[in-house]
Amino acid sequence: MALAAALGINTAIAGTATPPVLAAPQIFAPGIVSGPANDEAPAFSPDGDTLLFTRSGAGGGIIMESHRLDGRWSAPAMASFSGAWPDLAPEFSPDGSYVVYVSIRRSNTTPAHQQVGLWRVNREGRDGWGKPQRLPDAVNISDGVWKASMTRDGSIYFLSIDPGKGKRLYVSHYAQGAYQPAQPLPFSHYGDNDVDPEIAPDGSYMVFASDHRLPGDSKDHLFIVFREGDGWGTPQAIRYAGDDAPAFSTDYLPHLGPDQSTLYFTSDRSLPVAHYPHTPAQAADYLQRIEQWDNGNLNAWSVSLAPLLEAHGRAG
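Residues numbered from 1 in each chain as written. Predicted model: local features only at pLDDT ≥ 70, side-chain atom pairs only at ≥ 80, totals over all residues. Heavy atoms only, no water.

What about the overall build of the protein?
Okay, so step 1: Of the regular secondary structure elements, the protein holds 3 helices and 26 strands.
Okay, so step 2: In terms of overall dimensions, the protein is globule-like: its C-alpha atoms have a radius of gyration of 19 Å, near the 20 Å expected for 316 residues.
Okay, so step 3: C-alpha extents for the protein along the principal axes are approximately 65 × 45 × 40 Å.
Okay, so step 4: Among the 316 residues that make up the protein, the fraction classed as buried is 52%.
Okay, so step 5: Look at the contacts in the protein between residues 6 or more apart in sequence, and 51% of them connect residues 24 or more apart.
Okay, so step 6: Surface exposure of the protein reaches about 14100 Å², of which carbon and sulfur atoms provide 53%.
Okay, so step 7: The averaged location of the 34 negative side-chain charges in the protein is 3 Å from the averaged location of its 22 positive side-chain charges. (Helix = DSSP H or I, 4+ residues; strand = E, 2+ residues; numbered from the N terminus. Rg over C-alpha atoms; globule rule 2.2 N^0.38 Å. Buried < 20%, exposed > 50% of the residue type's maximum accessible area, 1.4 Å probe, protein only. Contact = heavy atoms within 4.5 Å. Areas by Shrake-Rupley, 256 points an atom, 1.4 Å probe, with all protein chains shown as cover. Lys, Arg positive; Asp, Glu negative; His and termini not counted. Charge placed at Lys NZ, Arg CZ, Asp CG, Glu CD.)

Some points on the packing of aromatic side chains
Okay, so step 1: Per the stated rule, a full pass over the model turns up 15 aromatic pairs.
Okay, so step 2: When the centroid spacing of 5.1 Å and the interplanar angle of 70 degrees are considered together, the rings of phenylalanine 81 and tryptophan 129 count as edge-to-face. In this pair, phenylalanine 81 sits in the loop between strand E7 (77-78) and strand E8 (87-92) while tryptophan 129 sits in strand E11 (residues 128-129), placing the two residues 48 residues apart along the sequence. The residues phenylalanine 81 and tryptophan 129 share a single accessibility class, namely buried.
Okay, so step 3: Among the aromatic residues, those joined into a ring-pair cluster are Phe28, Phe44, Trp73 and Tyr264.
Okay, so step 4: One residue, arginine 105, lies across the ring of tryptophan 119, its end atom 3.6 Å from the ring centre.
Okay, so step 5: For the cation-ring pair, arginine 120 lies above tyrosine 98, with the distance from its terminal atom to the ring centre recorded as 3.7 Å. (Phe/Tyr/Trp six-rings, centres within 6.5 Å; stacked < 30°, edge-to-face > 60°. Lys NZ or Arg CZ within 6 Å of the ring centre and 35° of its normal.)

Here we look at the environment of alanine 75
Okay, so step 1: Inspection of the secondary structure puts alanine 75 in the loop between strand E6 (72-73) and E7.
Okay, so step 2: Assessed through its relative accessible area of 66%, alanine 75 is described here as exposed.
Okay, so step 3: Separated by 44 residues in sequence, alanine 75 and glycine 31 place their C-alpha atoms 9.4 Å apart.

Topic: the pairing of strand E24 (residues 251-256)
In regular strands, side chains alternate between the two faces of the sheet.
Okay, so step 1: The element E24 is largely enclosed, with a buried count of 6 among its 6 residues.
Okay, so step 2: Note that E24 and strand E25 (residues 262-267) share 4 bridges and pair antiparallel. Directly across from leucine 256, in E25, lies its bridge partner leucine 263.
Okay, so step 3: Connecting E24 to the antiparallel partner E25 that follows it, the hairpin turn spans 5 residues, and glutamine 260 within it adopts a positive phi of roughly 65 degrees. (Pairing = 2+ DSSP bridges.)

Description of the sheet that holds E24
Sheet strands pair by backbone hydrogen bonding; their relative direction is either parallel or antiparallel.
Okay, so step 1: In space, the 4 strands of this open sheet follow the order E1-E26-E25-E24, with antiparallel pairing throughout. The outermost strands of the open sheet, each flanked by one partner alone, are strand E1 (26-27) and E24.
Okay, so step 2: Both E1 and strand E26 (residues 299-304) contribute to a ladder of 2 bridges, which runs antiparallel. What sits directly across from isoleucine 27, in E26, is tryptophan 301.

Quick look at the side chain of serine 34
Okay, so step 1: Tracing the sequence through the fold places serine 34 in the loop between E1 and strand E2 (38-39).
Okay, so step 2: Relative accessible area serves as the criterion here: at 0%, serine 34 is assigned to the buried category.
Okay, so step 3: Among the polar contacts listed, one links the side chain of serine 34 to the backbone nitrogen of alanine 300, at a separation of 3.1 Å.
Okay, so step 4: Here serine 34 is in contact with Ile27, Phe28, Ala29, Asp39, Gln292, Trp293, Asn299 and Ala300, once residues within four sequence places are set aside. (Polar contact = N/O pair within 3.5 Å; in protein donor to acceptor, adjacent residues only side chain to side chain.)

Here we look at the pattern of salt bridges
Okay, so step 1: According to the stated counting rule, one finds 9 salt bridges in the structure shown.
Okay, so step 2: Note that aspartate 192 is salt-bridged to arginine 213, the shortest N-O span being 3.3 Å. Of this pair, aspartate 192 sits in the loop between strand E18 (183-184) and strand E19 (194-199) while arginine 213 is found in the loop between strand E20 (205-210) and strand E21 (221-228), placing the two residues 21 residues apart along the sequence.
Okay, so step 3: What makes aspartate 192 buried here is its relative accessible area of 18%. (Salt bridge = Lys/Arg side-chain N within 4 Å of Asp/Glu carboxyl O.)

Here's the deal with the sheet that holds strand E13 (residues 145-150)
Okay, so step 1: An order of E13-E14-E15-E18 is seen for the 4 strands of this open sheet, with the pairing classed as antiparallel. Sheet topology places E13 and E18 at the edges, where each strand pairs with a single neighbour.
Okay, so step 2: Across 5 bridges, E13 lies against strand E14 (residues 156-162) in antiparallel orientation. Paired with methionine 150 across the two strands is isoleucine 156, which belongs to E14.

Here's the deal with unusual backbone geometry
Okay, so step 1: With an omega of 0 degrees, the peptide bond between tyrosine 276 and proline 277 qualifies as cis.
Okay, so step 2: As for its placement among the helices and strands, proline 277 is situated in the loop between E25 and helix H2 (280-292).
Okay, so step 3: Despite not being glycine, glutamine 260 has its phi angle at roughly 65 degrees, a positive value.
Okay, so step 4: Looking at the secondary structure, you find glutamine 260 in the loop between E24 and E25.

Examining the pairing of E25
Okay, so step 1: Most of E25 is tucked away, with 6 of its 6 residues classed as buried.
Okay, so step 2: Burial along E25 is two-sided: the face carrying Thr262, Tyr264 and Thr266 and the face carrying Leu263, Phe265 and Ser267 are both buried.
Okay, so step 3: Both E25 and E26 contribute to a ladder of 6 bridges, which runs antiparallel. Bridge pairing in E26 links phenylalanine 265 to tryptophan 301.

Take a look at the structure:
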């Protein structure tokens with residue numbers, strides 16, 4: 001089923017009959033962050049001067065670190081806390097004092113089994129990191145806990161793959177100095193296949209991915225849901241220009257930028273290729289693009305959410 005037709009189901013955002021279609025996404029930092037490997041969406045420090053992202057191959061992922069220097073991103077290097085185990089999906093806390101990320105490790109039990117869980121590492125100065133610590137069982141509620149996002153009050157939102165049930169989004173509220181028992185989000189149900197929550201720091205809206213909410217479409221796409229009072233509204237698909245083109249992309253792992261209105265996400269999308277036959281200049285440009293990033297692997301992309309936020313009556 002074409003994505004445009006699928007998106008015609010349940011796409012109204014409160015306050016507008018037809019939700020705005022966003023501009024076409026832009027490749028992020030080609031040749032630096034988005035490169036020939038599988039490079040996922042960046043997570044930014046609140047000041048916007050440090051980013052972390054996952055670079056992966058067939059053997060697993062490593063968290064990479066880059067800094068903005070004189071308006072340019074430095075060549076990424078392996079973050080000092082990553083590399084011993086497959087790590088992915090880093091997320092800065094809203095105040096920038098720590099990072100939560102996914103680490104895939106073997107348990108110490110006999111026999112050992114794989115544990116996918118959330119770990120925290122504190123920031124020490126601008127470029128330093130402390131010793132990673134596993135988050136408590138109130139958060140790591142299964143051996144399949146993935147991608148976290150935090151609000152300013154310390155609450156943590158995450159995905160759990162629950163044995164025998166499936167995928168579901170959860171929140172563990174932070175109160176009295178401790179994480180409280182995790183509760184499923186009311187709009188996320190087994191069978192929806194919701195993944196990768198990204199909550200606004202003030203908790204007013206969330207972006208996530210799902211591969212089951214659009215009928216007849218098994219690729220991950222991005223959705224947005226707004227808070228309504230003490231609860232949540234209905235998730236709505238995020239539209240952007242070109243999302244219904246042939247062989248449309250898989251989009252997931254959203255991260256909000258420091259401005260809270262620019263969305264960064266991971267995608268296997270590409271850029272159009274100039275019509276053949278190519279001139280020598282077109283061929284050279286295309287080859288450079290292939291060698292830099294556009295070779296069919298995952299890369300980081302960005303798009304402004306401002307029209308969606310404004311349509312909902314929320315300033316970006």
